[in-house]
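If you want the building blocks of each chain, they are given just below.
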Amino acid sequence: MENLKQLVGIKAAEFVSDGMIVGLGTGSTAAFFVEELGRRVKEENLDIVGVTTSHDTTIQAKALGIPLKSIDEVTHVDVTVDGADEIDDDLNGIKGGGAALLMEKIVASYTKHYIWIVDDSKLSRKLGSFKVPVEVIPYGFKQLFRHFEKQGFKPSYRYDDKGDLLVTDMKHHIIDLHFDIIHEPKKLAKLLDETVGVVEHGLFNNMVDTVIVGSSNGVSIIDKKK
Ligand code: 5RP
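Not measured: the values here are computed from a predicted model.

1. Points about the overall build of the chain
At step 1: Each helix and strand counted, the chain has six helices and 13 strands in total.
At step 2: The C-alpha atoms of the chain give a radius of gyration of 17 Å, which matches the 17 Å a tight globule of 226 residues would have.
At step 3: A principal-axis box enclosing the C-alpha atoms of the chain has dimensions of 55 × 35 × 35 Å.
At step 4: The proportion of buried residues among the 226 residues of the chain is 51%.

Here it is, written out as structure tokens:
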């Protein structure tokens, strides 16, 4: 699995060229992409500016010597490469397994060419086997949890490695929702968008342009139908 992640990470770096502003995703797969970019910056003098999507990626990119700017300091992002937790046949996705969904979605929103890199275990006909992460304001979040329970969304709190409630980089909590199968991801996204106390959710519907998939047969590239 690590090999496949590395394979797609290196492949995705081919979409980056001199002068680009590059969104740097978060997670174990995106980390291989960032590593490859760092190598190219060092060995090939690749001239880019990175925009990170989490504190962890900022630390990695700085250590590799990738020049960085914040999302507010750039006019746009040329290409963003990120991982994903689950992708359906229509290229809707669930992200946020690494709790970075808010920054990831903001950077993606200003990106011209948005790319996901995954191994083939992340592909499914319909979304739902991965829980939908919802980033919530700490004020009233237990009320919100009960609200989700009443709606039958089977919520669970996200905890960190120490067993404390997870606090995201943007100082919110995460509630994961479990649906088994999501028949209408757009309808669910709208409902969550309209729920008070929800900052953002991990449904990334109709956002990605290209998915790079690694499998035992090699790398394949799926482009969104225009
Ligand atoms: C972080 C994310 C990650 O991109 C997603 O969880 C995939 O991570 P990995 O490549 O480690 O499986 O959305 O918030």
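Still to come is the rest of the account.
2. Some details on unusual backbone geometry
At step 1: At A99, a residue that is not glycine, the phi angle is positive and equals roughly 70 degrees.
At step 2: Residue placement: A99 occurs in the loop between β5 (93-94) and α4 (101-109).
At step 3: One non-glycine residue, N206, lies in positive phi territory at about 55 degrees.
At step 4: Along the chain, N206 falls in the loop between β11 (203-204) and β12 (210-215).

3. Thoughts on the site of the ligand
At step 1: In the vicinity of the ligand there are 17 residues, among which T26, S28, T29, D85 and G96 approach most closely.
At step 2: S28 has a polar side-chain atom sitting 2.5 Å from an oxygen atom of the ligand.
At step 3: Here E104 contributes a side-chain N or O atom positioned 3.1 Å from an oxygen atom of the ligand.
At step 4: Protein coverage of the free-state accessible area of the ligand, which is 380 Å², stands at 90%.
At step 5: For the shell around the ligand, the residue count by class is four nonpolar, eight polar and five charged.

4. What to know about the sheet that holds strand β13 (residues 218-223)
At step 1: Here we have six strands laid out as an open sheet, ordered β2-β1-β3-β6-β12-β13, and mixed in their pairing. The two strands at the open ends of the sheet, each matched to only one other strand, are β2 (49-52) and β13. This sheet shows a mean twist of 20 degrees between the axes of neighbouring strands, independent of strand direction.
At step 2: By the bridge criterion, five bridges tie strand β3 (residues 77-82) to strand β6 (residues 111-119) in an arrangement that is parallel. Pairing of D82 across the sheet is with W116, part of β6.

5. Section: the side chain of D176
At step 1: Here D176 shows up in strand β9 (residues 173-177).
At step 2: Assessed through its relative accessible area of 8%, D176 is described here as buried.
At step 3: Side chain to side chain, D176 and R158 meet in a polar contact 2.7 Å long.
At step 4: Excluding residues that lie within four positions of it along the chain, D176 makes contacts with K131, V132, P133, K154, P155, S156 and R158.

Cut-offs used in this document
- Residues numbered from 1 in each chain as written.
- Predicted model: local features only at pLDDT ≥ 70, side-chain atom pairs only at ≥ 80, totals over all residues.
- Heavy atoms only, no water.
- Helix = DSSP H or I, 4+ residues; strand = E, 2+ residues; numbered from the N terminus.
- Rg over C-alpha atoms; globule rule 2.2 N^0.38 Å.
- Buried < 20%, exposed > 50% of the residue type's maximum accessible area, 1.4 Å probe, protein only.
- Near = heavy atom within 4 Å.
- Polar contact = N/O pair within 3.5 Å; in protein donor to acceptor, adjacent residues only side chain to side chain.
- Areas by Shrake-Rupley, 256 points an atom, 1.4 Å probe, with all protein chains shown as cover.
- Nonpolar A, V, L, I, M, F, W, Y, C, P; charged D, E, K, R; others polar.
- Pairing = 2+ DSSP bridges.
- Axes fitted to C-alpha atoms, helices over the stretch in contact; angles between N-to-C directions.
- Contact = heavy atoms within 4.5 Å.

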